[in-house]
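A structural walkthrough
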Amino acid sequence: MTTLSITIRFILISLLITSLALNTNSPCYGQEVTASTIRKAELRLEEENDRNNDEGNPNQLIDELTSLYANPIAINQIKANEILALPFLTRNQAIELMKYRETYGKILSFDELKLIPGFDSLTVQQLTQIITLDETTSTTPYLKRLFSDPKQKVELKWTQNLTPPVGYHPQEETLTNRYAGYYQAVSASRRLRYSLSSKGGLSIGFTAENDPGEPIDFKKNNTGFDFLSGYIQIIGTKIVRRLVAGDYSLSLGQGLVAWTGFAFQKGGFDDHVWRRTRTIKPYTSGDGNPFLRGGAIELGTNRLCLTLFGSSRSLDGVNYNHDTLNYPVISESGVGLHRTDSERAKKGIVNQLVYGGDLVYQIGAGSIGISALSTQYSTPSSPNPELYRLFSQTKQYNSNYSIHYLLIGKRVTLFGEAALSNHRGETLLFGVTILTPYDGSVNLVYRAYNRYYCAPLGNAFGENSNNNNEKGFFLGWTFKPQPKVQISLSTDIFKTDWISYRTDFPTHGSEQIIKVHWQPQKNIGLALRYRCESKHQNSSSPSQEILAEPISIRRSSISSHFDFRQSDNLYFTTRLEWKECRLSNKSKEGTSISQSISYCIRTIWMTFTTMLFTSPSYEVRSSLSEPEIQGSFSIPGTVGEGFRNSLLVKWKNRNLNINAKLSYTHLHNYNAIIDSPDSYDTPNRISLTVQLIYKIFKRKQMRTDDLARCRDEPFDPL
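Here the focus is the overall build of the protein chain. Tallying secondary structure elements over the protein chain gives nine helices and 29 strands in all. Here the protein chain holds 718 residues, and 53% of them are scored as buried. Carbon and sulfur atoms form 58% of the exposed surface of the protein chain, whose accessible area is close to 32,800 Å².

Shown next as structure tokens:
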């Protein structure tokens, strides 16, 4: 299929859905994640990237925030334990908000939030973007209330690599390029997304997406797009609190049994390290993170909450070949790319069945609960696993059970979880958060995960996301010596009792982080971070021994973000980073500097970013992010020496957003080594992204607080 026909079909499908939405003939309106929230997320995601944590999909965090902004929470109706799950609020602020509501009753205006102790102007501004003061009344018929005040959104996104790797070159170049024509499809990612949400609690959405190299094929009963996802969510009342059908995320306890939503490796979005979010929620991202496909229901009374869930989903597997044996087995990596015939042959050959439940008893704003989950696969595990996976390999039949708790006191928060799995798997995580002077808090976390523990859906606090073969102790302290200065100090000490990835021996290590946030004025912000990690890994030098020789590795990094708002139409952001990786007595250093300038002309925002980098190896690659189109996050992660320029243009109308980004990267002294279809034969990298978002919103049904929320919507203060 030609590129032109693919493009035409893609646009026709988008226009069909858009035309259906346009039949309402109503004005449009919508919310998007504010600039200050994006900057806060960027700092945390850059820290995760600095840890070499390539697992998961950081865009899922942006998607979850976008969903929050599109569906504001009724602050006067949510329960106390749900207030703790709100982003942007520290533990102290969440408790003060609960006290204020208990003392004075319903909050009647956004300005009233400024009267709550500990709420500064930035916190109020961020919180008003995700809450609403309107309430759903029980006197309105349920079905009428369910479909009231609908909002719709259609998104079309196309990212084209204009200087693709050699595997995308035309097949006619085979004489000079042996990988030419290796990928039959275009080097472009395509996404089509639709969502509908109502004030009464109804949410519907679907996503169709293809990665670069994956063809759009409608022949032979194919669905066209490689990845398809959809969901329906109904937020009920009284006993049936929430119902989700289709694709959804599951988050239980502290993550030892299941946490398929986005999670930071250590810590959270704010200063606390314990986790609290909705148990079930729709999955709105791509296929970079695990998710469940089936149905889930949340039932509850005043204090008891029971969540039941089930899922049946096809996963990629691996074809095991040995002598005359040839059968599919469970894949531990799950890359999810289907560009070639061999990759497509692995698609969906393993079925995953998941079912279980979670029972929680509410104690004030805290809770105590038990979880049970069973995971079954249609095929067995690989008979020849990697040695470090010998005990923790995903089994064909897995069962997980846990007891978890989160107890909120006046100055102390206790949290933890103890979990079991088949074949002697045991894990334990518990911690405490203590309030300190200077508006601070101390976090202590101890974890002990034995080598046998296996939870295919788990992702708890730890050095790695597998949550096995690890013991550690984390200590962190966050405080404000002055109202405009916040300092965070943390150290984590960990060890393993068995071999691990790239480490053929039990080892130990530590990590220290210092972060400083200073905002002397509303239009000036400075963020500094120092991180140092020490551990051991295998030597890369050849050895005659069966096991590799251990060497010490020490990674250090210093980064800074400086934001300056000259006026409402002009912004400056400067990013600096230095990295060092020391292997035994050998050291490598990487540096990068980035400057972004944003300027507004009426309804058009333009952001130009230029970056200079020197990164001799992957270990010291740049972790600096750069401005992206709406709902996306990216770290170029360039390796080598050179520069990168990008131009981001955003045009926003009341009902239509058009975003485009053009980026150009040049590597100095580039030596082309063509050893795979993903190699480049040019020192230049050029890509273009175009995004169209159409929103439908009935203005006559606009919420009473929407106008107040709009005051800071386009680009809020730093």
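Next comes the rest of the account.
Glancing now at the environment of I62. Among the structural elements, I62 can be located in helix α3 (residues 59–70). As for I62 and S285, which are separated by 223 residues in sequence, their C-alpha atoms are 9.1 Å apart.

What follows is about the nonpolar core. Formed by 53 residues in total, the largest nonpolar core has its most connected members in L86, L97 and L113. Top element by residues in this core is helix α5 (residues 91–104). It accounts for five residues. Within the second largest apolar cluster, nine residues are counted, among which are L45, I62, F262 and F633.

The terminal C-alpha atoms of α5, which comprises 14 residues, lie 20 Å apart, in line with the 20 Å expected from a rise of 1.5 Å per residue. Considered for burial, the residues of α5 that qualify are R91, N92, Q93, A94, I95, L97, M98, Y100 and R101. Among the residues trailing α5, G105 stands out with phi positive, at a value near 85°.

Turning to the pairing of strand β19 (residues 470–482), a few remarks are in order. Where strand β18 (residues 440–449) meets β19, nine bridges bridge the pair, whose relative direction is antiparallel. The residue bridging S441 from the neighbouring strand is T478, located in β19.

Per the counting criterion, the structure on display carries four cavities of 30 Å³ or more. Roughly 70 Å³ of internal volume is contained in the largest cavity. Lining the largest cavity we find twelve residues, and of these D50, R555, S556, K579 and E619 sit closest to its centre. Those elements that place two or more of their residues in the lining of the largest cavity are β23 (550–567) and β24 (570–583). Grouping the constituent residues of the lining of the largest cavity by class yields two nonpolar, three polar and seven charged.

Within the structure shown, the criterion is met by 29 salt bridges. Salt-bridge contacts for K347 lead to D226; the nearest nitrogen and oxygen are separated by 3.1 Å. A residue pair is termed long-range when its members are at least 10 positions apart, and K347 in the loop between α8 (341–344) and β13 (350–363) and D226 in the loop between β5 (202–210) and β6 (227–235) qualify at 121 residues. We note a salt bridge from R293 to D247, for which the minimum N-O separation is 2.6 Å. In this pair, R293 is assigned in strand β9 (residues 292–300) and D247 in strand β7 (residues 240–250), connecting sequence segments 46 residues apart. Overall, R293 belongs to the partly exposed group, its relative accessible area being 32%.

What follows is about the confidence of the model for the protein chain. Residues of the protein chain with pLDDT of at least 70 account for 86%, and the chain-wide mean is 82. Within the protein chain, helix α1 (residues 3–22) has the poorest average pLDDT of any element, 41, and strand β28 (residues 656–667) the best, 95. Note that residues 1–30 has pLDDT below 50 and, in this model, 56 contacts with residues that lie over four places away or in other chains. Within the model, pLDDT remains below 50 along residues 700–718, and this stretch shows 61 contacts once partners closer than five positions in the same chain are excluded.

Let us now look at the packing of aromatic side chains. Given two aromatic rings, their pairing is described by the distance between the two centres and the angle made by the two planes. Under the counting rule described, the total for this entry stands at 14 aromatic pairs. Ring centres of Y100 and Y104 lie 4.8 Å apart, and the angle between their planes is 40°; on these two criteria the pair is classed as tilted. Remark: Y104 and Y100 occur in helix α5; sequence separation between them is four residues, near one turn of the helix. When the centroid spacing of 6.1 Å and the interplanar angle of 35° are considered together, the rings of Y194 and F206 count as tilted. Of this pair, Y194 sits in strand β4 (residues 188–197) while F206 sits in strand β5, placing them twelve residues apart in sequence. An aromatic cluster of three or more residues is present, and its members are Y168, Y182 and Y183. Over the face of the ring belonging to W259 we find R275, whose NZ or CZ atom lies 5.0 Å from the ring centre. Against the face of Y670 rests R685, its NZ or CZ located 5.1 Å from the ring centre.

Attention now goes to α3. Think of an α-helix as 3.6 residues a turn; residues three or four steps apart then line up on the same face. Helix length check: α3, at twelve residues, gives a terminal C-alpha distance of 16 Å against a target of 16 Å (1.5 Å per residue), a fit within 8%. Here α3 has its buried residues at Q60, L61, I62, D63, L65, T66, L68 and Y69.

The subject of this paragraph is unusual backbone geometry. The phi dihedral of R602 falls on the positive side, at around 55°, and the residue is not glycine. Secondary-structure assignment places R602 in the loop between β25 (586–601) and β26 (604–615). The class of R602 is exposed, set by a relative accessible area of 81%. Even without being glycine, N669 reaches a positive phi, approximately 50°. Mapped onto the secondary structure, N669 falls in the loop between β28 and β29 (684–697).

When you line up the elements, S374 lands in strand β14 (residues 366–377). S374 gets classed as buried once you look at its relative accessible area, which sits at 11%.

Once that is clear, we can look at the environment of R685. Here R685 shows up in strand β29. Given a relative accessible area of 18%, R685 falls into the buried group. C-alpha of R685 to C-alpha of N161: the two residues are 524 residues apart in sequence and 7.9 Å apart in space. Setting aside residues no more than four positions away along its own chain, R685 makes contact with T163, S663, Y664, T665, L667, Y670 and Y680. A polar side-chain atom of R685 sits 2.5 Å from the main-chain carbonyl oxygen of T682.

Conventions and cut-offs
- Residues numbered from 1 in each chain as written.
- Predicted model: local features only at pLDDT ≥ 70, side-chain atom pairs only at ≥ 80, totals over all residues.
- Heavy atoms only, no water.
- Helix = DSSP H or I, 4+ residues; strand = E, 2+ residues; numbered from the N terminus.
- Buried < 20%, exposed > 50% of the residue type's maximum accessible area, 1.4 Å probe, protein only.
- Areas by Shrake-Rupley, 256 points an atom, 1.4 Å probe, with all protein chains shown as cover.
- Core = buried A, V, L, I, M, F, W, Y, C linked by side-chain atoms within 4.5 Å.
- Expected span 1.5 Å × (residues − 1).
- Pairing = 2+ DSSP bridges.
- 1 Å grid on protein atoms, 1.4 Å probe; cavity = no way out; pocket = protein on both sides within 12 Å on 5 of 7 lines; lining within 4 Å.
- Points joined across faces, edges and corners; volume = space filled by probe spheres on them.
- Nonpolar A, V, L, I, M, F, W, Y, C, P; charged D, E, K, R; others polar.
- Salt bridge = Lys/Arg side-chain N within 4 Å of Asp/Glu carboxyl O.
- pLDDT = per-residue confidence, 0-100.
- Contact = heavy atoms within 4.5 Å.
- Phe/Tyr/Trp six-rings, centres within 6.5 Å; stacked < 30°, edge-to-face > 60°.
- Lys NZ or Arg CZ within 6 Å of the ring centre and 35° of its normal.
- Polar contact = N/O pair within 3.5 Å; in protein donor to acceptor, adjacent residues only side chain to side chain.

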